[in-house]
Amino acid sequence: MNLDSVIFIISAAVTLFGAVMMIMQRNPVASVLYFILSLVAQAVLYVQLGALFVGAVLIIVYSGAILVLFLFVIMLLNLRGDEDLGAPSSPVSQLTKYVVSIGIIAEFAFVIWSTGFSSSIPTGIIAGASENFGSTEQVARLLFGRYLYPFELTSILLLAAIVGAVVIARKENGDEIESKAAAKTAADEVTG
Amino acid sequence: MFGITHFLFIAVLLFGVGVTGVLISRNIIVLLMSVELMLNAANLAIIAFSRALNVMDGHAFVFLVLTVAAAEAAVGLAMVITIFNNRRSINIDKYSLLKW
């Protein structure tokens, strides 16, 4: 039982705890905070797998930006966790949902178990990996080298998402109505 | 000694929690976060395989997945705001206009 194993067990437990608490919460703000807890523990797992830069990016971008976006929306909609979510579904329906999800977990777990990946690959913060595995430099070489085109294409995806989000969330504002009304009065003046 | 298999099991459990969240939650925001959780589980698996094969291509791929997750969150939350303005509810059972 070395230090790496202890860190792995703790961070794995915190990850799963945060995820389970996230879906159990009634208050969406608590939900987001539990998700952030889960993400921080996941970043520790990334670091244990040698992905130093990706682990840092997970905390900065994911819990720092995407989840703050969720918090902003919760604040905008003024949700307090006491919204009417309707009556709980029937016990049979509930049971079916849990059975389906446990079935999915069991299926994946069986596939992994039966494939029998070698457990001998050393993982851990200190052990394993060559000197600069997962370093910022190596990630940058991949992103701006072999994966340059996919990398550039994601910028188009982001542009589409920005424009889409603005168009969807925009309120039917006064400008359009006013200009229509102005056009109507102008037309009335011409005809009248 | 723990190995890649253990990380994969954690990823599977996370994915399963995400699936459960999508199935049982009636709150649209928690549902969106559960989808994000499933993407995260996939990321963890990619990183684990990347370490197992000792190639770093997986790290570049995780960035693309992160971008997709960010785009999905932005568009999804914009839709949540619009629907909330029309329906005054975050209960997904109330979003039944296309259901017959």
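Residues numbered from 1 in each chain as written. Chains lettered and ligands numbered in written order. Predicted model: local features only at pLDDT ≥ 70, side-chain atom pairs only at ≥ 80, totals over all residues. Heavy atoms only, no water.

**Q** Is there a simple way to think about the overall build of chain A in this case?
**A** Within chain A, the secondary structure is distributed over seven helices and zero strands. Listed by position from the N terminus, the elements making up chain A come as α-α-α-α-α-α-α. Counting all 192 residues of chain A, 30% fall into the buried class. For chain A, the proportion of contacts with a sequence separation of at least 24, taken over those separated by at least 6, is 63%. With the model as given, the accessible surface of chain A reaches about 11500 Å², and the carbon-plus-sulfur share is 71%. (Helix = DSSP H or I, 4+ residues; strand = E, 2+ residues; numbered from the N terminus. Buried < 20%, exposed > 50% of the residue type's maximum accessible area, 1.4 Å probe, protein only. Contact = heavy atoms within 4.5 Å. Areas by Shrake-Rupley, 256 points an atom, 1.4 Å probe, with all protein chains shown as cover.)

**Q** Before we go on, may I ask you to explain the interface of chain A and chain B in this structure?
**A** The interface is formed by 81 residues belonging to chain A together with 68 residues belonging to chain B. Taken together, the connections running from chain A to chain B amount to one salt bridge. Its salt-bridge partner being R146 of chain A, residue D57 of chain B comes within 2.4 Å of it at the nearest N-O pair. Along the contact surface separating chain A from chain B lie five residue pairs in polar contact (both at pLDDT 80 or more). Where the side of chain A that touches chain B is concerned, the elements lending two or more residues are α1 (3-24), α2 (28-48), α3 (52-77), α4 (91-115), α5 (136-143) and α6 (148-169) of chain A. In terms of residue class, the side of chain A that touches chain B is built from 57 nonpolar, 17 polar and seven charged. (Salt bridge = Lys/Arg side-chain N within 4 Å of Asp/Glu carboxyl O. Polar contact = N/O pair within 3.5 Å; in protein donor to acceptor, adjacent residues only side chain to side chain. Nonpolar A, V, L, I, M, F, W, Y, C, P; charged D, E, K, R; others polar.)

**Q** Please explain the nonpolar core as it appears in this structure.
**A** A general tendency of soluble globular proteins is for nonpolar side chains to be buried together. Ranked by internal contacts, the top residues of the largest apolar core, which has 62 residues, are F70 and L77 of chain A together with I29, M33 and L44 of chain B. Secondary structure elements with two or more residues in this core: α1, α2, α3, α4 and α5 of chain A together with α1 (4-24), α2 (28-53) and α3 (57-87) of chain B. Residues in contact with F70 of chain A, not counting those within four places in the same chain, are V32 of chain A together with I29, L32, M33, E36, A73 and L77 of chain B. (Core = buried A, V, L, I, M, F, W, Y, C linked by side-chain atoms within 4.5 Å.)

**Q** Can you walk me through the pattern of salt bridges in this structure?
**A** Charged atoms that come close allow side chains of opposite charge to pair. Residue and element names in this part refer to chain A. Tallied over the entire structure, the rule returns two salt bridges over all chains. Between R141 and E137 there is a salt bridge, and its shortest N-O distance comes to 3.0 Å. Taken as a pair, R141 and E137 lie in helix α5 at a separation of four residues, close to a single helical turn. Residue R141 is classed as exposed on the basis of its relative accessible area of 54%.

**Q** Any chance you could explain the packing of α2 of chain A against α3 of chain A here in plain terms?
**A** All names here are of chain A. Their axes nearest at 9 Å, the elements α2 and α3 cross at an angle of 175°. Taken together, the axes of α2 and α3 are roughly antiparallel relative to one another. Residues P28, V29, V32, F35, I36, L39, Q42, A43, Y46 and V47 of α2 pack against L52, V54, G55, L58, I59, Y62, S63, L67, F70, L71 and I74 of α3. Grouping the constituent residues of the contact of α2 with α3 by class yields 18 nonpolar, three polar and no charged. (Axes fitted to C-alpha atoms, helices over the stretch in contact; angles between N-to-C directions. Parallel < 35°, antiparallel > 145°, perpendicular 65-115°, else oblique.)

**Q** Got a minute to help me understand α5 of chain A in this structure?
**A** Because the α-helix completes a turn every 3.6 residues, residues three or four places apart line up on one side. Residues of α5 of chain A that are buried: V139, L142 and L143 of chain A. Mapping the buried residues of α5 of chain A onto a view down its axis gives an arc of 95°, with all of them on the same face. Contacts made by the buried residues of α5 of chain A are with α3 and α6 of chain A together with α3 of chain B. (Arc of directions from axis to C-beta.)

**Q** Looking at this structure, how should I read the environment of P28 of chain A?
**A** By the secondary structure assignment, P28 of chain A is in helix α2. Through-space distance from the C-alpha of P28 of chain A to that of S135 of chain A is 36 Å; in sequence the pair is 107 residues apart. In this view, P28 of chain A contacts I74, L79 and G81 of chain A together with N27 and M33 of chain B; residues no more than four positions away in its chain are not counted.

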